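Coordinate analysis (summary)
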Amino acid sequence: MASMNSMQIAVLPGDGIGPEVMSPCIELLTTATRLTGAPNLEFDTLPCGAALYAETGNALPDETLARAEAAEAILLGAMGLPDIRYPDGREIVPQIELREILQLYAGVRPVRTFPGLPVPLSDPRAFKIDFILIRESTEGLFTERSKPQDGTTDAARDLMQVTRQGCDRLFDFAFSLAARRKANGAPGHLTCVDKANVLGSMAFFRDIFDEHARRHPGIATSRCYVDAMALNLIRNPWTLDVLVTENMFGDILSDEGAALMGGLGFAPSADIGTHNAVFQPCHGTAPDIMGTGKANPTAMFLSGALMLDWLGERHTEPTLTEAAARLTHAIEQAFAGDRLDPTETGGAHGLVEITDAVRAKLR
Ligand code: ATP
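From a predicted model like this one, the values you see are computed outputs, not experimental measurements. (Residues numbered from 1 in each chain as written. Predicted model: local features only at pLDDT ≥ 70, side-chain atom pairs only at ≥ 80, totals over all residues. Heavy atoms only, no water.)

1. What about the sheet that holds strand S8 (residues 242–245)?
One open sheet accounts for ten strands, arranged S2-S1-S3-S10-S9-S4-S5-S8-S6-S7; its pairing is mixed. Sheet topology places strand S2 (40–45) and strand S7 (220–225) at the edges, where each strand pairs with a single neighbour. Shown here is a sheet whose adjacent strand axes are inclined to one another by a mean of 25 degrees, direction ignored. As defined by bridge partners, strand S6 (residues 189–194) adjoins S7 across six bridges and the pair is classed as parallel. Across the sheet, Asp194 pairs through a bridge with Tyr225, a residue of S7. (Pairing = 2+ DSSP bridges. Helix = DSSP H or I, 4+ residues; strand = E, 2+ residues; numbered from the N terminus. Axes fitted to C-alpha atoms, helices over the stretch in contact; angles between N-to-C directions.)

This is how it looks when you write it as structure tokens:
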């Protein structure tokens, strides 16, 4: 581990637009931490991803994994390319492998809007959405994702597995996040999103949620079926605070959350475990726009800010928390003031224009 004068950050730029959005993100993180006198971030750039697999036959080398695991935090661009696959046709997704190997069980997807974003809802409250979706990321419907099918041509199956251990650590995390938000002025209301009316695994999930709720009388809770939540996310997302759900449901709802912010290029994420955490934009490698300058780096920048905030809390280091706030504020100011019109939503501003606007506000 590095001293508090410096911190080692593993950087996995990956494929497609991953390296494009990563490079300005590193620049802004360096500026933000210098401005607040925070520990110096030492970025350790590591090879990983689909292009690496094409070259070497290994998408996630042991050396990369070891150095990422030893770092204070992991910053990831995006990984996977449609034409580069394993022999059985599956996509190369080392980012999912990292979640499993490092047991990053809590997928944190903040959905927060601010003026100037190209939000799709016309209600003025669409600029005041502020909720966090927590997606279980190590089991659920992804449990046997790497297991080959049994070869029959008549059927295929996937396992939805929910364990007590997986639920306990997930709900511990969710209740403490709701409490932290409540301490900062949010409602502190946690909603369990499931399908307990149809699936036994989801009834089990909800029962364990209820046990945890009884132990946290200070946190208001509710329960909602995933189909109803898909509707609520469009009808009244400004009423939501913290949601916790199963892996696949979270995968789907988090893209809906990204749409509420204006698109995938605006949505940050954190995958958090007991010892490690990965911060990355919700979007993929976007090979259709790679190299065109059209990539929206906002989600990457917001993910970088989430990393600073997480490091600040973990190390009780206010200069890092302050650097996170400054970077987030600069992003908000760039959209509020400069009337940015991202290419992603049909405008003229891409990677360079958005980076310049944020850089100009970061001081
Ligand atoms: P994955 O399976 O890796 O999540 P995906 O196929 O779901 O990836 P993306 O690679 O995220 O999808 O791309 C989906 C669409 O969104 C593409 O048309 C892409 O160009 C666009 N897109 C994604 N991220 C961005 C971004 N940061 N800026 C602009 N457009 C983006």
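2. Section: empty space enclosed by the protein
Under the counting rule described, the total for this entry stands at one cavity of 30 Å³ or more. Volume-wise, the largest cavity comes out at about 50 Å³. With three residues, the single largest contributor to the lining of the largest cavity is helix H5 (residues 164–183). Residues of the lining of the largest cavity, tallied by class, amount to four nonpolar, two polar and three charged. (1 Å grid on protein atoms, 1.4 Å probe; cavity = no way out; pocket = protein on both sides within 12 Å on 5 of 7 lines; lining within 4 Å. Points joined across faces, edges and corners; volume = space filled by probe spheres on them. Nonpolar A, V, L, I, M, F, W, Y, C, P; charged D, E, K, R; others polar.)

3. Thoughts on the domain arrangement of the protein
Domain annotation for the protein reports domain 1 (1–105 + 274–363) and domain 2 (119–144 + 159–261). The straight-line distance from the C-alpha centre of domain 1 to that of domain 2 is 24 Å. Tallying the contact residues gives eight residues for domain 1 and ten residues for domain 2. Both faces considered, domain 1 and domain 2 share a buried interface measuring about 920 Å² in area, 52% of it formed by carbon and sulfur atoms. Inspection of the domain 1/domain 2 interface yields two salt bridges. Arg180 serves as the salt-bridge partner of Asp309, at 3.4 Å between the closest nitrogen and oxygen. Between the two partners, domain 1 and domain 2, sit four residue pairs in polar contact (both at pLDDT 80 or more). Residue contributions to the side of domain 1 that touches domain 2 peak at three residues, all from helix H9 (residues 298–314). By residue class, the composition of the side of domain 1 that touches domain 2 is four nonpolar, one polar and three charged. (Domains from an automatic or database assignment. Contact = heavy atoms within 4.5 Å. Buried area = accessible area lost by both parts, 1.4 Å probe. Salt bridge = Lys/Arg side-chain N within 4 Å of Asp/Glu carboxyl O. Polar contact = N/O pair within 3.5 Å; in protein donor to acceptor, adjacent residues only side chain to side chain.)

4. Description of H9
Look at H9: 24 Å from first C-alpha to last across 17 residues, which is about the 24 Å you get at 1.5 Å a residue. With 13 of 17 residues buried, H9 is to be regarded as a mostly interior element. One or two steps after H9, the chain reaches Thr316, where phi turns positive at roughly 45 degrees. (Expected span 1.5 Å × (residues − 1). Buried < 20%, exposed > 50% of the residue type's maximum accessible area, 1.4 Å probe, protein only.)

5. What about the layout of surface pockets?
Looking at the largest pocket, its volume works out to about 1,100 Å³. Together, 40 residues line the largest pocket, and Ile132, Arg180, Arg181, Leu306 and Asp309 are the ones closest to its centre. Taken together, the elements giving at least two residues each to the lining of the largest pocket come down to strand S4 (106–112), strand S5 (130–136), H5, strand S9 (268–272), H9 and helix H10 (318–337). Broken down by element, the lining of the largest pocket gets its largest block of residues, seven residues, from H9. When grouped by side-chain class, the residues that make up the lining of the largest pocket number 24 nonpolar, seven polar and nine charged. Shared between two domains, the lining of the largest pocket takes at least three residues from each, and those domains are domain 1 (1–105 + 274–363) and domain 2 (119–144 + 159–261). In this structure, the second largest pocket is lined by 30 residues; those nearest its centre are Val93, Gln95, Ile96, Arg99 and Asp251. Counting residues per element, the ones that place at least two in the lining of the second largest pocket are helix H4 (94–101), helix H8 (247–261) and strand S10 (277–281). Grouping the amino acids of the lining of the second largest pocket by side-chain chemistry returns eleven nonpolar, nine polar and ten charged. Counting residues domain by domain, the lining of the second largest pocket receives three or more from each of domain 1 (1–105 + 274–363) and domain 2 (119–144 + 159–261).

6. A short note on the side chain of Thr285
Looking at the secondary structure, you find Thr285 in the loop between S10 and H9. At a separation of 2.7 Å, a polar atom in the side chain of Thr285 contacts the main-chain carbonyl oxygen of Gly80.

7. Here we look at the pattern of salt bridges
Tallied over the entire structure, the rule returns 22 salt bridges. Residue Arg67 is joined to Asp44 by a salt bridge in which the shortest nitrogen-to-oxygen separation is 2.7 Å. Taken together, the residues span a long stretch of sequence, with Arg67 in helix H3 (residues 62–70) and Asp44 in strand S2 at a distance of 23 residues. A residue is classified by how much of its surface remains accessible, and Asp44, at 14% relative accessible area, is buried. Across the pair Asp271 and Arg109 runs a salt bridge whose closest N-O atoms are separated by 3.3 Å.

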